[in-house]
Amino acid sequence: MPLFTKNRADAPKVDERFRHIAFIMDGNGRWAKKRGMPREYGHKAGAETFRRICSHCHDVGFKAVTVYAFSTENWKRPKPEVDAIMGLLDSFLDELMRDYEKYDNRIRFIGDTSVLTPELKEKIANAEMLNPQADTTINIAINYGGRAELVRAFQNLAAEGRTSVTEEDISGALYTRESGDPDMIVRTGGDLRISNFLLWQAAYAELYFTDKLWPDLTPADVDDMIRDFYSRKRRYGGL
Ligand code: IPE
Ligand code: IPE
Ligand code: MG
């Protein structure tokens, strides 16, 4: 299935008020367990949901989609599970390169990818070169932590010799500098926490929590999120 397919006529559309949606894709393990299957099976299903949801997000007009795929803390998991997740990333990258003419979005990897295997790093570099002129971006967070991202940003600013910094300087030193802050952060899987995701960028994000496990999330659920977003009033501290 192409990552982005166009022209789903019945979907609600988003406008400049809702440009960027972010997902904490949680619940793959529980989804598999409910089916008596190993956790890796849930990650495979989750990877398919990722493609479906990204495709729908493109159809409805989002300019940026950011997904949390692997955190700096997820290395604590058993090696077979980590290997399975990296294997899914590898397959996704192969698919991207194979079918690249079907995609009209930019792919960005956010997080410290320097620790990944040389093969994965090369595939990531190739994927990031696709569609430089695209006006939609998918940010995939791999070995990402919000705190690590801030430390890196401050270190980079310090290395430039900066002795004072502004909020804009910090935003500009983050992985997300191209797509900016998310308008909404969604977490599936029922837990009510951020788990070290986009700490700086979340300042005024609308938060949306659903008990649905990530592999069960559907385009219709995204439509519900869109309707919910437009029913909210963003005050940014004003009246
Ligand atoms: C989210 O699903 C995916 C990753 C963290 C890689 P989980 O694997 O955390 O699934 P649960 O939360 O254990 O069900
Ligand atoms: C958050 O899920 C990270 C990702 C979805 C990649 P976790 O399952 O790792 O979060 P915790 O452990 O419940 O906080
Ligand atoms: Mg989890």
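As a starting point, this report considers the structure included with it.

Calculation rules
- Residues numbered from 1 in each chain as written.
- Chains lettered and ligands numbered in written order.
- Predicted model: local features only at pLDDT ≥ 70, side-chain atom pairs only at ≥ 80, totals over all residues.
- Heavy atoms only, no water.
- Buried < 20%, exposed > 50% of the residue type's maximum accessible area, 1.4 Å probe, protein only.
- Helix = DSSP H or I, 4+ residues; strand = E, 2+ residues; numbered from the N terminus.
- Pairing = 2+ DSSP bridges.
- Near = heavy atom within 4 Å.
- Polar contact = N/O pair within 3.5 Å; in protein donor to acceptor, adjacent residues only side chain to side chain.
- Areas by Shrake-Rupley, 256 points an atom, 1.4 Å probe, with all protein chains shown as cover.
- Nonpolar A, V, L, I, M, F, W, Y, C, P; charged D, E, K, R; others polar.
- Phe/Tyr/Trp six-rings, centres within 6.5 Å; stacked < 30°, edge-to-face > 60°.
- Core = buried A, V, L, I, M, F, W, Y, C linked by side-chain atoms within 4.5 Å.
- Contact = heavy atoms within 4.5 Å.
- Axes fitted to C-alpha atoms, helices over the stretch in contact; angles between N-to-C directions.

**Some details on the pairing of strand β2 (residues 64-71)**
Along any regular strand, the residues point their side chains to alternate faces of the sheet.
Part 1 of the argument: Across the eight residues of β2, seven count as buried, placing the element largely inside the fold.
Part 2 of the argument: As paired strands, β2 and strand β4 (residues 137-144) are joined by seven bridges and run parallel to one another. Each bridged residue has a counterpart across the sheet, and for Y68 the counterpart in β4 is A141.

**Comments concerning the site of ligand 2**
Part 1 of the argument: Neighbouring residues of ligand 2: I24, M25, D26, Y68, A69, F70, N74, R77, R187, R193 and S195.
Part 2 of the argument: S195 places a side-chain nitrogen or oxygen 2.6 Å from an oxygen atom of ligand 2.
Part 3 of the argument: Relative to its unbound accessible surface of 390 Å², ligand 2 loses 78% to contact with the protein.
Part 4 of the argument: Residue composition of the shell around ligand 2, by class: five nonpolar, two polar and four charged.

**A short note on the packing of aromatic side chains**
Part 1 of the argument: Enumeration according to the criterion identifies 13 aromatic pairs in this entry.
Part 2 of the argument: Centroid distance Y68 to Y144: 5.8 Å. Interplanar angle 85°. Geometry classified as edge-to-face. With Y68 in strand β2 and Y144 in strand β4, this residue pair connects regions lying 76 residues apart in the sequence.
Part 3 of the argument: On the numbers, 4.4 Å between centres and 10° between planes, the contact of Y68 with F197 is stacked. Taken together, the residues span a long stretch of sequence, with Y68 in strand β2 and F197 in the loop between β5 (184-187) and β6 (206-209) at a distance of 129 residues. You'll find Y68 and F197 in the same group, each marked buried.
Part 4 of the argument: Grouping aromatic residues by their ring pairs yields a cluster made of F18, F62, F229 and Y230.

**Observations concerning the nonpolar core**
Part 1 of the argument: Counting 40 residues, the largest nonpolar core has I21, F23, F50, F62, I140 and M225 as its most contacted members.
Part 2 of the argument: The biggest single contributor to this core is helix α3 (residues 79-98), with seven residues.
Part 3 of the argument: Grouped together as the second largest cluster of nonpolar side chains are 12 residues, A22, Y68, Y144 and L198 included.

**Some points on the environment of I53**
Part 1 of the argument: Checked against the element boundaries, I53 lands in helix α2 (residues 39-60).
Part 2 of the argument: Along the chain, I53 and V222 lie 169 residues apart, while their C-alpha atoms are 7.7 Å from each other.
Part 3 of the argument: Non-local contacts of I53, meaning those with residues more than four positions away in its chain, are made with F23, W214, L217, T218, P219 and V222.

**A short note on the sheet that holds β2**
Part 1 of the argument: The six strands are arranged β3-β4-β2-β1-β5-β6 in an open sheet whose pairing can be described as parallel. Of all strands in the sheet, those with a lone pairing partner are β3 (106-110) and β6, marking the two edges. Neighbour-to-neighbour, the strand axes of the sheet open up by a mean angle of 20°, direction not taken into account.
Part 2 of the argument: In this fold helix α7 (residues 219-231) packs onto β1 (20-24), β5 and β6, with an angle of close to 140° to the strand it touches most, β6.

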